[in-house]
Amino acid sequence: RSFDKACRFRRRLAAMLAAVALGSAASPASRRVPLAAASVRAAARVAASSNRAAPVDGPSPSVPAVAASALAVLAAGGRLRAARAGRAGSAAAALCMVSSLTRASAAEPRCARRAASGAAEGLPTLHLAVVGYGLVGKELVGQIAAAAEALDAEMGVRVEVVAAARSKTMVLLGQGGTSELVSGWPEGKEEPVDLKKLGEHVLALAASSGGRALIVDNTASDEPADFYESWLAAGADVATPNKRAGSGPYSRYERILAAAKTGGSRFLYEATVGAGLPIMGPLQALRRAGDEVEKVEGIFSGTLSYIFNTWKPGMAFSEVVADAKAKGFTEPDPRDDLSGTDVQRKVTILARELGLALELEDVPVKSLVPARLQDWEPPAGANLGDAFVEELKADDGEMEQLLKEAEAAGEVLRFVGEVDVKAGKASVKLGRFPKDHPFASTQFADNIAAFSSKWYTPRPLVVQGPGAGAAVTAAGVFSNVMEVMSGMKRAA
């Protein structure tokens, strides 16, 4: 027990050292932040003596910027730990550096091992239901299972997946539900989907154990979103990458937020914009810290990012769309991506986060789908995607002219979303940017977001990295799971 206390002390000391960094910065310069790691460069230096993370290069940002960065790290920390514990890979490796500020050094795993030996009994339990058990849902459960022992030891909170729902069937589970799902879908326990019953099941387990209930919605449907209000009012937290609630009718959005206050619960939606990239958390942290965010703009579609990163002079636009389709970037109907509707939803979510009471229809979109093809239907028996690309060839000349004009001006084309807080409006369009602009540096299918604020000026705070895929989306949701667990830890 005394050894465990020492382990906890080391973690707290690292966090305290990060806080000391708030007073140590000198030069008033804003910084670009690939992923979230460099956003804590000053705090990382101060905490280096307690954590063997890779060094962070570059001059220290201003004191307000460091303060905001520290808050952003606290918001993002859960996702960073989730990425490291759940799945190896470049995203996890990049994020480990930041998470080290709030946990013991990776060189000293004895803390986790020692605490894990008694990890099960007597710990508060987070009872979790997963609605939408497809790629992201399965990935999330896998990440939770892989990290469970370490989380027991580090946070002193157990997480147990006690329900999962597909489109037509669901399973209601008890203790051991996580491992049961990892082993395969429990066919013998299936029953028709009833989201009201699912919510009651999770809440009942939480009430009986004295823990908390959390419902994760991984779907892209309005049906689960219609239950958020009742779940939150009853005391269940909700975490989701589903953009429907945040970009749907504003009246429903307001009711959802009010229900969370009434029920003492939390509505968490980090993964709605940028998937696993820390965008919503840092944005919220900046505002809570007192910064005034004036504008947010970015590339919020992995598909369109890939298309415009790949498209070069001499290549037909339709050829690049066909390539993106062949690599699985586009929806079966490429118009779903080229229309910009997905970006429109993300921009609406960002606008509301910044205090603008906008409806989805208030955000104009410059669609990349030619007007003649917006209501077009393929010939009978034809593959919709292939037939659309064939039709798109007729517009290659017009698109080529746009690319030539941008090249002649030393610029690149990027499909961006923007929220202008001062003007009270938002938009989605194809824009031109200088080749030294952060948006010109994106690679493959990167997402990127730039925050211009009172503190981050004249250069914005920039977050960049992979913004699509089951693993990073699940990691974004996992960060919200961690937030709930952290709250339980404090309460305990």
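To be clear, the structure that these remarks concern was listed above.
We now turn to the structure provided with this report. (Residues numbered from 1 in each chain as written. Predicted model: local features only at pLDDT ≥ 70, side-chain atom pairs only at ≥ 80, totals over all residues. Heavy atoms only, no water.)

So, the pattern of salt bridges
Then, number 1: Overall, the coordinates contain 24 salt bridges when judged by the stated rule.
Then, number 2: One salt bridge connects Asp222 with Arg244, and the closest N-O pair in it is separated by 3.7 Å. Linking Asp222 in helix 9 (residues 222-225) with Arg244 in helix 11 (residues 244-247), this pair joins segments that are 22 residues apart in sequence.
Then, number 3: Arg244 gets classed as partly exposed once you look at its relative accessible area, which sits at 27%.
Then, number 4: Two residues, Arg432 and Glu411, come together in a salt bridge whose shortest N-O distance is 2.7 Å. Of the two residues, Arg432 sits in strand 11 (residues 425-434) while Glu411 sits in strand 10 (residues 411-420), which places them 21 residues apart along the sequence.
Then, number 5: A relative accessible area of 39% means that Arg432 is categorised as partly exposed.
Then, number 6: A relative accessible area of 18% means that Glu411 is categorised as buried.
Then, number 7: Taken together, the salt bridges that share partners define one network made up of Asp222, Asp226, Arg244 and Arg252. (Salt bridge = Lys/Arg side-chain N within 4 Å of Asp/Glu carboxyl O. Helix = DSSP H or I, 4+ residues; strand = E, 2+ residues; numbered from the N terminus. Buried < 20%, exposed > 50% of the residue type's maximum accessible area, 1.4 Å probe, protein only.)

Digging into helix 8 (residues 195-209)
Then, number 1: Over its 15 residues, helix 8 extends 21 Å from the first C-alpha to the last, a length consistent with the 21 Å expected when each residue adds 1.5 Å.
Then, number 2: Buried within helix 8 we find Leu195, Leu198, Gly199, His201, Val202 and Ala206. All buried residues of helix 8 fall inside an arc of 160 degrees around its axis, so they share one side. Relative to its buried face, helix 8 has exposed residues pointing more than 90 degrees away, namely Lys196, Ala207 and Ser208.
Then, number 3: Where helix 8 is buried, its residues meet strand 2 (125-131), strand 3 (158-165), strand 4 (169-172), strand 6 (212-217), helix 9 and helix 10 (228-233). (Expected span 1.5 Å × (residues − 1). Arc of directions from axis to C-beta. Contact = heavy atoms within 4.5 Å.)

Brief notes about the side chain of Ser427
Then, number 1: Mapped onto the secondary structure, Ser427 falls in strand 11.
Then, number 2: Non-local contacts of Ser427, meaning those with residues more than four positions away in its chain, are made with Val347, Val363, Pro364, Val416, Gly417 and Glu418.

Notes on the packing of helix 14 (residues 302-310) against helix 15 (residues 317-326)
Then, number 1: Their axes nearest at 10 Å, the elements helix 14 and helix 15 cross at an angle of 135 degrees. It follows that helix 14 is oblique to helix 15 by the angle criterion. As for the relative orientation of helix 14 and helix 15, their crossing is right-handed in sense. Between helix 14 and helix 15, the contacting residues are Tyr306, Ile307, Phe308 and Thr310 on the first element and Phe317, Val320, Val321, Asp323 and Ala324 on the second.
Then, number 2: Residues that form the contact of helix 14 with helix 15 fall into these classes: seven nonpolar, one polar and one charged. (Axes fitted to C-alpha atoms, helices over the stretch in contact; angles between N-to-C directions. Parallel < 35°, antiparallel > 145°, perpendicular 65-115°, else oblique. Left-handed = near helix turned anticlockwise from the far one by under 90°. Nonpolar A, V, L, I, M, F, W, Y, C, P; charged D, E, K, R; others polar.)

Considerations on the packing of aromatic side chains
Then, number 1: Under the defined criterion, the tally for this structure stands at 14 aromatic pairs.
Then, number 2: Ring geometry for Tyr228 versus Phe267: centroids 5.7 Å apart, planes at 50 degrees, classification tilted. With Tyr228 in helix 10 and Phe267 in strand 8 (residues 267-268), the pair connects residues that are 39 residues apart, well separated along the chain. Across this residue pair, the class does not change: Tyr228 and Phe267 are buried.
Then, number 3: Put simply, the rings of Phe227, Tyr228, Trp231, Phe267 and Tyr269 touch in pairs and so form one group of aromatic residues.
Then, number 4: For Arg166, the ring lying beneath its charged end belongs to Trp185, and the centroid distance is 4.1 Å.
Then, number 5: Its guanidinium or amino end placed over the ring of Tyr253, Arg352 lies 5.0 Å from that ring's centre, counting from NZ or CZ. (Phe/Tyr/Trp six-rings, centres within 6.5 Å; stacked < 30°, edge-to-face > 60°. Lys NZ or Arg CZ within 6 Å of the ring centre and 35° of its normal.)

Things to note about the nonpolar core
Then, number 1: Grouped together as the largest cluster of nonpolar side chains are 76 residues, with contacts concentrated most on Leu198, Tyr228, Ile307, Phe317, Leu338, Leu350 and Phe451.
Then, number 2: Broken down by element, this core gets its largest block of residues, five residues, from helix 17 (residues 341-353).
Then, number 3: The contacts of Phe317, once residues within four sequence positions are left out, are Ile307, Phe308, Trp311, Leu338, Leu392, Asp396 and Met399.
Then, number 4: Counting residues in hydrophobic clusters, the runner-up holds 32 residues, among them Val130, Ile144, Leu181 and Val484. (Core = buried A, V, L, I, M, F, W, Y, C linked by side-chain atoms within 4.5 Å.)

Geometric descriptors of this kind do not, in isolation, establish any biological role.
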